[in-house]
Amino acid sequence: MDSCDVERLNELLEQDVELREKIKEQVTDLDKKTRNMVGVLNKIHSTPPESIPGLLDSVRPMLHSCQTTSAAMAALIPPSQFWRWKEMWTNSLRTAIFSAALVEFLATGKLISLPEVCQILGIKDEWKGRFALPVEDYLHGLISLVNELSRLAVNAVTLGNFEAPIQISIFVKDLFAGFSMLNLKNDTLRRRFDSLKYDLKKIEEVVYDVSLRKLAPPPQGGHQM
């Protein structure tokens, strides 16, 4: 290895270090935004139903602020290097997806789609190969949504909202059925999906108790994944 080769390799290493630091800055920014969103959304467990819309209104600007970070990421990542760097922001992105999904459910009772999440977070199709939203990350975000809704089913009853567990039950059962039809080859994703059975059981126990006490009408209908 001659001196020219060594010098060139050192330049490449320095470029990688510099790029990693720049990406890390944006990931730190995204982390901060997602922590703030989760902190506010955690208040749903102690917030009466009539105050939920106001709480969601305070979260939406935080979600939309992620668009700036998404654009900065896309500008930093070289073409065709998405999979090289994605592990740096995967957890933060999944938390943002979860937040968007929870806001959508609480606002409309519906499941947010993958394209809708991309639109909210400002992730554009033309960025593929640099910065994108993989299907697996979307699914991880939905699983986190179910985890949170199983908590909400219990806490809603404490707040006197007896219809919420029934609405949650219908939604989660439909979502679980949708997941069951997917060919999940990722081991981590498969294990997390399997754990949904416990969340579903927890929700069903709450619904059974509410129905037994005749505190709310029996569940009807459902949503499609």
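Because the structure is a prediction, the values reported are computed rather than measured.

Participant: Sorry, what's going on with the overall build of the protein here?
Facilitator: Scanning the protein from terminus to terminus reveals eight helices and zero strands. The helix and strand sequence of the protein, counted from the amino end, reads α-α-α-α-α-α-α-α. Per-residue burial over the protein gives 40% buried out of 225 residues. A separation threshold of at least 6 residues defines the contact pool for the protein, and within that pool the share at least 24 residues apart is 81%.

Participant: Whenever I open this one, the packing of helix H4 (residues 90-108) against helix H6 (residues 135-158) confuses me. Can you help?
Facilitator: In a pair of packed helices, the angle between the axes and the distance between the axes together describe the arrangement. At a closest axis distance of 8 Å, the pairing of H4 and H6 adopts a crossing angle of 55 degrees. On the basis of their axis angle, the class for H4 and H6 is oblique. In the packing of H4 onto H6, the handedness of the crossing is right-handed. Packed against H4, whose contacting residues are Thr90, Leu93, Arg94, Ile97, Phe98, Ala101, Leu102, Phe105 and Leu106, the element H6 presents Asp137, Tyr138, His140, Gly141, Leu142, Ser144, Leu145, Glu148, Leu149 and Leu152 at the interface. A class-by-class count of the residues in the contact of H4 with H6 yields twelve nonpolar, four polar and three charged.

Participant: Help me understand the packing of aromatic side chains, please; the structure alone is not making it clear to me.
Facilitator: Two measures describe an aromatic ring pair: the distance that separates the ring centres and the angle between the ring planes. Inspection of every chain in the model, using the stated rule, returns six aromatic pairs. Members of the aromatic cluster, joined through ring pairs, are Phe82, Trp83, Trp89 and Phe131.

Participant: Before we go on, may I ask you to explain unusual backbone geometry in this structure?
Facilitator: Apart from glycine, the bulk of residues carry a negative phi angle, and the bulk of peptide bonds sit in the trans form. The backbone phi angle of Ser80 is positive, close to 65 degrees, even though this residue is not glycine. In this fold, Ser80 is placed in the loop between helix H2 (52-76) and helix H3 (82-85). Accessibility expressed as a relative area gives 71% for Ser80, which makes it exposed.

Participant: Help me understand the environment of Tyr198, please; the structure alone is not making it clear to me.
Facilitator: Secondary-structure assignment places Tyr198 in helix H8 (residues 187-212). A C-alpha to C-alpha distance of 9.3 Å links Tyr198 and Asn147, two positions 51 residues apart in sequence.

Reading guide: rules and limits
- Residue numbers restart at each chain and count upward from 1, following the sequence in its written direction.
- Note on the predicted model: pLDDT of at least 70 is required for a residue's local features to be given, and 80 or more for side-chain atom pairs to be given and counted; whole-chain, interface and lining totals, by contrast, use all residues.
- No hydrogens and no water enter the side-chain calculation; it runs on all heavy atoms of the structure.
- Secondary structure counts use DSSP, requiring at least four H or I residues in a row for a helix and at least two E residues in a row for a strand, with both numbered from the N terminus.
- Classification of residues uses two cut-offs on accessible area relative to the type maximum, computed with a 1.4 Å probe and protein chains only: under 20% is buried, over 50% is exposed, and between them is partly exposed.
- Only heavy atoms matter for contacts: two residues are in contact if any of them lie within 4.5 Å across the pair.
- Fitting a line to C-alpha atoms yields each axis, with helices limited to the stretch in contact; the angle taken between N-to-C directions then spans 0 to 180 degrees.
- Should an angle fall under 35 degrees it is taken as roughly parallel, and over 145 as roughly antiparallel, whereas 65 to 115 is taken as roughly perpendicular and any remaining angle as oblique.
- Two helices crossing with the near one rotated counterclockwise from the far one by less than a right angle form a left-handed crossing, whereas a clockwise rotation gives a right-handed crossing.
- Three classes are used, and their members are as follows: Ala, Val, Leu, Ile, Met, Phe, Trp, Tyr, Cys and Pro are nonpolar, Asp, Glu, Lys and Arg are charged, and the others, Gly among them, are polar.
- Aromatic contacts are taken between Phe, Tyr and Trp rings whose centres are within 6.5 Å, Trp giving its six-membered ring; a plane angle under 30 degrees counts as stacked, one over 60 as edge-to-face, and the others as tilted.

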